[in-house]
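Below are the chains, spelled out letter by letter.
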Amino acid sequence: ATDGARWCDAFYASGGPRLDLPPVSPARPGGAVPARTAGRPVWVNVWATWCVPCRREMPLLLRWRDRMHKDGIDVEMVFLSVDARESDLTAFLQANPEIAPPPSARLLTPADLDSWLVRFVSPVPAGIPVQVLAGADGAVRCVKSGSLRDGDYPLVASLLR
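Notes on the structure in this doc start here. What you are looking at is a predicted structure, and each value in this text was computed from that prediction instead of being measured.

Taken in spatial order, the seven strands of this open sheet run S1-S7-S6-S3-S4-S5-S2, and their pairing is mixed. Since the sheet does not close on itself, it has two edges, and those belong to strand S1 (10-11) and strand S2 (24-26), each with one partner. Alignment of strand S4 (residues 76-81) against strand S5 (residues 104-107), held across three bridges, turns out to be parallel. When the bridges of S5 are listed, Ser 81 appears paired with Arg 106. Against the sheet, helix H2 (residues 52-70) makes contact with strand S3 (42-47), S4 and strand S6 (130-134), and its axis sits at roughly 170° relative to S3, the strand it touches most.

A few words on the state of the cysteines. One pass over the structure, following the stated rule, counts two disulfides. One disulfide in the model links Cys 8 with Cys 142; its S-S distance is 2.1 Å. Of note, the bridge from Cys 8 to Cys 142 carries an S-S torsion of about -110° and is left-handed in sense. In this pair, Cys 8 is assigned in the loop between helix H1 (2-7) and S1 and Cys 142 in strand S7 (residues 140-145), connecting sequence segments 134 residues apart. Comparing Cys 8 with Cys 142, the two get one shared label, buried.

Looking now at the nonpolar core. Trp 43, Trp 47, Trp 116 and Val 132 are the most contacted members of the largest nonpolar core, which totals 54 residues. With seven residues, H2 is the largest single contributor of residues to this core. In contact with Val 132, other than residues within four places in its own chain, are Leu 19, Val 42, Trp 43, Val 44, Trp 116, Leu 117, Phe 120, Val 140, Cys 142 and Val 143.

We now examine the environment of Phe 120. With respect to the helices and strands, Phe 120 occurs in the loop between helix H4 (113-117) and S6. Owing to a relative accessible area of 1%, Phe 120 belongs among the buried residues under this scheme. For the pair formed by Phe 120 and Tyr 12, sequence separation is 108 residues and the distance between their alpha carbons is 9.5 Å. Apart from the residues within four sequence positions on either side, Phe 120 is in contact with Ala 10, Tyr 12, Pro 17, Arg 18, Leu 19, Asp 20, Val 132, Val 140 and Val 143.

So, about helix H3 (residues 86-95). Listed as buried for H3 are Leu 89, Thr 90, Phe 92 and Leu 93. Angular distribution of buried residues about the axis of H3 spans 165°; they occupy a single face of the element. Set apart from the buried face of H3 by more than 90 degrees, the exposed residues are Gln 94 and Ala 95. Buried-residue contacts for H3 involve S3, H2, S4 and S5.

It is worth spelling out the environment of Val 52 at this point. With respect to the element layout, Val 52 can be found in helix H2. Its relative accessible area of 40% is what places Val 52 among the partly exposed residues.

Under the counting rule described, the total for this entry stands at six salt bridges. Residue Asp 74 is joined to Arg 40 by a salt bridge in which the shortest nitrogen-to-oxygen separation is 3.3 Å. Of this pair, Asp 74 sits in the loop between H2 and S4 while Arg 40 sits in the loop between S2 and S3, placing them 34 residues apart in sequence. Its relative accessible area of 42% is what places Asp 74 among the partly exposed residues.

What counts, and at which threshold
Residues numbered from 1 in each chain as written. Predicted model: local features only at pLDDT ≥ 70, side-chain atom pairs only at ≥ 80, totals over all residues. Heavy atoms only, no water. Pairing = 2+ DSSP bridges. Helix = DSSP H or I, 4+ residues; strand = E, 2+ residues; numbered from the N terminus. Contact = heavy atoms within 4.5 Å. Axes fitted to C-alpha atoms, helices over the stretch in contact; angles between N-to-C directions. Disulfide = S-S within 2.5 Å. Buried < 20%, exposed > 50% of the residue type's maximum accessible area, 1.4 Å probe, protein only. Core = buried A, V, L, I, M, F, W, Y, C linked by side-chain atoms within 4.5 Å. Arc of directions from axis to C-beta. Salt bridge = Lys/Arg side-chain N within 4 Å of Asp/Glu carboxyl O.

Remember, this is a structural readout, not a statement about activity or role.
Pasting the structure below:
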């Protein structure tokens, strides 16, 4: 708990706010909108195609998701794009199919990002990427802004157990 309290911008040892996604559309045409899976921890990565640190960390996040599954943590990772234009996201994902695999979504109104995040963290982070980690009970445990580093895996995994 002490490490989480120091590392997270907002940390809830228990009783955190319930994680609900803001209004979204599928990231890929014809895709499904992410649905909350009861009983599974959820990791929401807030990103955009124009965000170089976001794109740089995505392969790391996908490796961690796979590693967590091997470690017995059945996490659902949702990539939430804040791209203003759907066409920008569609073109980027067509050119980079390995980025932001389903379930992925785009915020319907990117300007609403702050009003969604303020439910979990105050002050709202000034930029992206932002990680929102929720336990299997649906309660947010941690909000972390900025890029993640290789050495962060043990703490992230412990927050999602």
